[in-house]
Amino acid sequence: MSDRYAVMAVTLIVWIGVFLYLLRLDAMVRELRNKK
Amino acid sequence: MSKEAELEGVKQSVVSGAYKAFVGVWMTGVILAAFLYSPEIANLKGTQIVYFHVPCAWLASLAFLGSGIYAVLYLRRQNLELDVKSASAAELGLLFCVLATVTGAVFSKANWGMAWNWDPRQTTIAALLLMYLAYFALRSALVGAEKRAAISGVYAVAACVVMPFLVFVLPRAFESLHPTVVRRGGMDPEIAVVLAASTLGFTAFGVWIFRLRVALGSIALSRMEEPL
Amino acid sequence: MANSSSTWADGCWAVLRKDIQSEFRTRYAFNAVVVFAITTLAVVSYSAQVVGAGSRLLSPLLWIIILFSAMSGLSRTFVREEDAGTANTLRLVAEPTAVYVGKLLFNTALLAVLDVLIVPLFLVLMDVSVGNLFLFVVILITGSVSIAATATFVAAIVSKASVRSALFAVLSFPLLVPVLVAAVQGTEASLRGASIPEGMPFVRILTAFAGAMVAVGLLLFEHVWNEA
């Protein structure tokens, strides 16, 4: 049963990581576009 | 910048910020629901992966379609921005296709002992994967932006035409290990809801990534670098 | 002045005749295709375990031979034009669709000749008895036409790129997955004597595919042909 929670925790962490990374990319693209 | 343009810019940032926040919160909710709310499906193990696997497969097909549509648009209008969109869609499609294939194999191994058994649905996703890879192999073998755009665009359209055969015809014509719950529509409401929510969230997420990729590609294009 | 439809048909016929005559002289594609098929057949039938094996094993074997023979020869019709420098002349003299159909007919004829040579040989060497001969032949025809149509289309694409022969197979194979699955299953059914209604799904798939591929080729060929 606790297996399930462990997997869930990992999934959440991975998701948050991906999300934050994309926010970073988004900001970088914005910067590039404004520099143009 | 003029007052109106500044206001417009702020409005856009707010909208796009809200969109991303929505995606973040929504998908977090989906993950929680998948593990805490949804019941197990039909005595299978590790069914939470379904909420990831199905949207990936869906997005892979959608991206394919998008790539083909942008390819047709390019062939008609000869605007390289459209080619950037077509190739970006294909890139995303490739990513989701790999994810779908791998999660499918993991699920198959856990439940039926074999990671790969050439079941019709697995054959379909493998063929899609090969099509994506072939598309990029073709792109890298073509020199010149317009030529690359036109010729790879033609292949993208052909692949789109073959896709219905793979996705719809094959699985129906032959026996499959793939859970037939979806086919018969006899899904528990809890499962259906979370699955739909996940698909929606994934699509929104995918659109966001797509636009980012296109933006990068456009910038590269405008600097006369080779975008894809 | 001849009206446009007779000019189109003339162009088509002229391209076909030219390719056939050229083939007669050099036997460029024909050799590649036939030598490959006979060699493979010989090597495979040399192994005693394969001869007399059931339809489940021999059916895919037959289509592997046909497919790979096609892959080794069907790209020549376009590649030859580009290499010999005659492509530009052809562009001036005939309409794109006429060129396409002419080449398509050539490749279909080539594959038909291969089938006529190899299939009886295969049946004899492998000691196979055909349950439903009519179904067997129909599957063979529809499958071969599907392969020829796809190969012609991809050959046109590949003639514009750099790494031809490898790319030809890489691009063709994913598109041909539905054809292979349907043809192998259909042939297997026909070998073990299935009735015609049983085999109809496969015939339908193959016919639909062939039609779709020809249509796609006709619509898109121009974009490939006119790219310098």
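Note that the coordinates shown come from a computational prediction; the quantities given were computed from them, not determined experimentally.

Further remarks concern the overall build of chain B. Across its full length, chain B carries 7 helices and 0 strands. Put simply, chain B runs from its N terminus to its C terminus through helices and strands in the order α-α-α-α-α-α-α. Put simply, chain B has 228 residues, and 39% of those count as buried. Of all intrachain contacts in chain B linking residues separated by at least 6 positions in sequence, the fraction that spans at least 24 positions is 77%.

Our focus in this paragraph is the overall build of chain C. Helix and strand content of chain C: 9 helices and 0 strands. Each helix and strand of chain C, placed in order from N terminus to C terminus, yields the pattern α-α-α-α-α-α-α-α-α. What you see for chain C is a C-alpha radius of gyration of 18 Å, in line with the 17 Å of a compact globule of 228 residues. If one aligns the C-alpha atoms of chain C with their principal axes, the spans along those axes are about 60 × 35 × 30 Å.

As a further point, take the confidence of the model for chain B. Confidence in the prediction for chain B averages 85 pLDDT; 89% of positions are at 70 or higher. With pLDDT under 50 throughout, residues 180-186 of chain B is counted as low confidence; its partners more than four residues away or in other chains account for 4 contacts.

The next point concerns the nonpolar core. Residues Ala60(B), Leu138(B), Tyr155(B), Ala159(B), Ile157(C) and Leu206(C) are the most contacted members of the largest nonpolar core, which totals 130 residues. The residues touching Leu206(C), leaving out its near neighbours within four places in the chain, are Ile139(C), Thr142(C), Gly143(C), Ser146(C), Val179(C), Ala182(C) and Ala183(C).

Another point: the interface of chain C and chain B. Facing 24 residues of chain C, the contacting portion of chain B comprises 25 residues. Secondary structure elements with two or more residues in the side of chain C that touches chain B: α7 (133-158), α8 (164-191) and α9 (196-225) of chain C. Here the side of chain C that touches chain B takes 9 residues from α8(C), the largest share from any one element. Here the side of chain C that touches chain B is composed, by residue class, of 20 nonpolar, 2 polar and 2 charged.

Quick look at the packing of helix α3 (residues 55-73) of chain C against helix α6 (residues 96-125) of chain C now. Residues and elements named next belong to chain C. In contact at an axis separation of 11 Å, α3 and α6 are set at 145° when each is read in the N-to-C sense. Between α3 and α6 the crossing geometry is right-handed. Residues Leu 62, Ile 65, Ser 69, Ala 70 and Gly 73 of α3 pack against Leu 110, Leu 111, Leu 114, Ile 118 and Phe 122 of α6. Classifying every residue of the contact of α3 with α6 gives 8 nonpolar, 2 polar and no charged.

What follows covers the arrangement of the chains. Here 2 pairs of chains are in contact, and chains B and C lead that list by number of contacts. Nothing in chain A touches chain C; the tightest C-alpha to C-alpha distance between them is still 31 Å.

As a further point, take helix α1 (residues 3-36) of chain B. In an α-helix, one turn spans 3.6 residues, which is why side chains three or four residues apart end up on the same side. Taking 1.5 Å as the rise per residue, α1(B) with 34 residues should run 50 Å; its terminal C-alpha atoms sit 49 Å apart, in good agreement. Looking at the buried residues of α1(B), the elements they touch are α1 (2-35) of chain A together with α2 (50-77) and α7 (189-222) of chain B.

On to the environment of Arg56(C), then. Residue and element names in this part refer to chain C. Residue placement: Arg 56 occurs in helix α3. By the C-beta count within 10 Å, which is 11 here, Arg 56 ends up exposed. For the pair Arg 56 and Arg 192, spaced 136 residues apart in sequence, the C-alpha separation works out to 9.2 Å.

Contact with chain B, which involves 11 residues of that partner, is made by 14 residues of chain A. Listing elements by their share of the side of chain B that touches chain A, those giving two or more residues are α1 and α7 of chain B. It is α1(B) that provides the largest number of residues to the side of chain B that touches chain A, a total of 6 residues. Looking at the side of chain B that touches chain A residue by residue, the classes come out as 8 nonpolar, 2 polar and 1 charged.

Checked against the element boundaries, Glu198(C) lands in helix α9. Spatially, the C-alpha atom of Glu198(C) lies 11 Å from that of Gln185(C), the residues being 13 residues apart in sequence.

Turning our eyes to something else, we now look at the packing of α1(A) against α7(B). Helix packing for two helices is described by the angle between their axes and how far apart those axes are. For the pair α1(A) and α7(B), the least separation of the axes is 10 Å and the interaxial angle reads 35°. The crossing of α1(A) and α7(B) is left-handed. Contact with α1(A), carried on its side by Leu22(A), Leu25(A), Asp26(A), Val29(A), Leu32(A) and Arg33(A), involves Ile209(B), Leu212(B), Ala215(B), Leu216(B) and Ile219(B) of α7(B) and no other residues of that element. Along the lines of polarity and charge, the residues of the contact of α1(A) with α7(B) split into 9 nonpolar, no polar and 2 charged.

On to α7(B). Residue and element names in this part refer to chain B. Taking 1.5 Å of rise per residue, 34 residues should cover 50 Å, and α7 covers 49 Å from first to last C-alpha, within 8% of that figure. Packed against the buried residues of α7 are α1, α2 and α3 (80-112). Looking at the residues trailing α7, positive phi occurs at Met 224, about 60°.

Analysis parameters
Residues numbered from 1 in each chain as written. Chains lettered and ligands numbered in written order. Predicted model: local features only at pLDDT ≥ 70, side-chain atom pairs only at ≥ 80, totals over all residues. Helix = DSSP H or I, 4+ residues; strand = E, 2+ residues; numbered from the N terminus. Buried ≥ 20, exposed ≤ 12 C-beta atoms within 10 Å, placed from the backbone. Contact = placed C-beta atoms within 7 Å. Rg over C-alpha atoms; globule rule 2.2 N^0.38 Å. pLDDT = per-residue confidence, 0-100. Core = buried A, V, L, I, M, F, W, Y, C linked by C-beta atoms within 7 Å. Nonpolar A, V, L, I, M, F, W, Y, C, P; charged D, E, K, R; others polar. Axes fitted to C-alpha atoms, helices over the stretch in contact; angles between N-to-C directions. Left-handed = near helix turned anticlockwise from the far one by under 90°. Expected span 1.5 Å × (residues − 1).

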